[in-house]
Amino acid sequence: MAMVNPEDTKLVTLATNTLARSGAAQAAALRDTTGRTYVAVSVVSPSLSLDAFEAVLTVALASGITGIESVVATGSLPANVKAIKDFAPTATVFHIDAQGVEHAL
């Protein structure tokens, strides 16, 4: 499945810029069903480890989302796509690899 919603390209820009700014291994941008967007990076510390999907979902849930339209990740591939799909089975989820190639997840 290719990105068909032009709003998804904004998520790519947000995730890509966040990744570049942070120096993290992964970044993700999420759009909820009201059109609000959230960004997060992977977190690795001695007592906490979240991939970018887990981190962005946590940020969005803390803001009270009720649904997800789309999520885009950049950098290394986040392992926990299930975190997104369990919350929103119909959400579109993409990964943009280091060469800029889009992969539906």
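Thresholds, definitions, all that
Residues numbered from 1 in each chain as written. Predicted model: local features only at pLDDT ≥ 70, side-chain atom pairs only at ≥ 80, totals over all residues. Heavy atoms only, no water. Salt bridge = Lys/Arg side-chain N within 4 Å of Asp/Glu carboxyl O. Helix = DSSP H or I, 4+ residues; strand = E, 2+ residues; numbered from the N terminus. Buried < 20%, exposed > 50% of the residue type's maximum accessible area, 1.4 Å probe, protein only. Pairing = 2+ DSSP bridges. Axes fitted to C-alpha atoms, helices over the stretch in contact; angles between N-to-C directions.

Asks: What is the right way to read the pattern of salt bridges from this model?
Replies: Opposite charge on two side chains allows them to pair when their charged atoms are near. Going through the model one piece at a time under the given rule, you end up with five salt bridges. Glu-69 is the partner of Arg-31 in a salt bridge, and the nearest nitrogen-oxygen pair spans 2.8 Å. Separated by 38 residues along the polypeptide, Arg-31 in strand 1 (residues 26-32) and Glu-69 in strand 5 (residues 68-75) bring together distant segments of the chain. The class for Arg-31 is buried, based on a relative accessible area of 5%. On the basis of relative accessibility, which here comes to 33%, the residue Glu-69 falls in the partly exposed class. Between Asp-86 and Lys-82 there is a salt bridge, with its nearest N and O atoms 2.8 Å apart. Remark: Lys-82 and Asp-86 occur in helix 3 (residues 81-87); sequence separation between them is four residues, near one turn of the helix.

Asks: Please clarify how the sheet that holds strand 7 (residues 102-104) should be interpreted in this entry.
Replies: Where strands meet in a sheet, backbone hydrogen bonds hold them as pairs that are either parallel or antiparallel. Strand order across the open sheet formed by five strands is 2-1-5-6-7, with mixed pairing between neighbours. The sheet is open, and its two borders are formed by strand 2 (37-41) and strand 7, each paired with just one other strand. Taking each pair of neighbouring strands and ignoring which way they run, the sheet shows an average axis angle of 20°. Pairing of strand 1 with strand 5, which is carried by seven bridges, proceeds in the antiparallel orientation.

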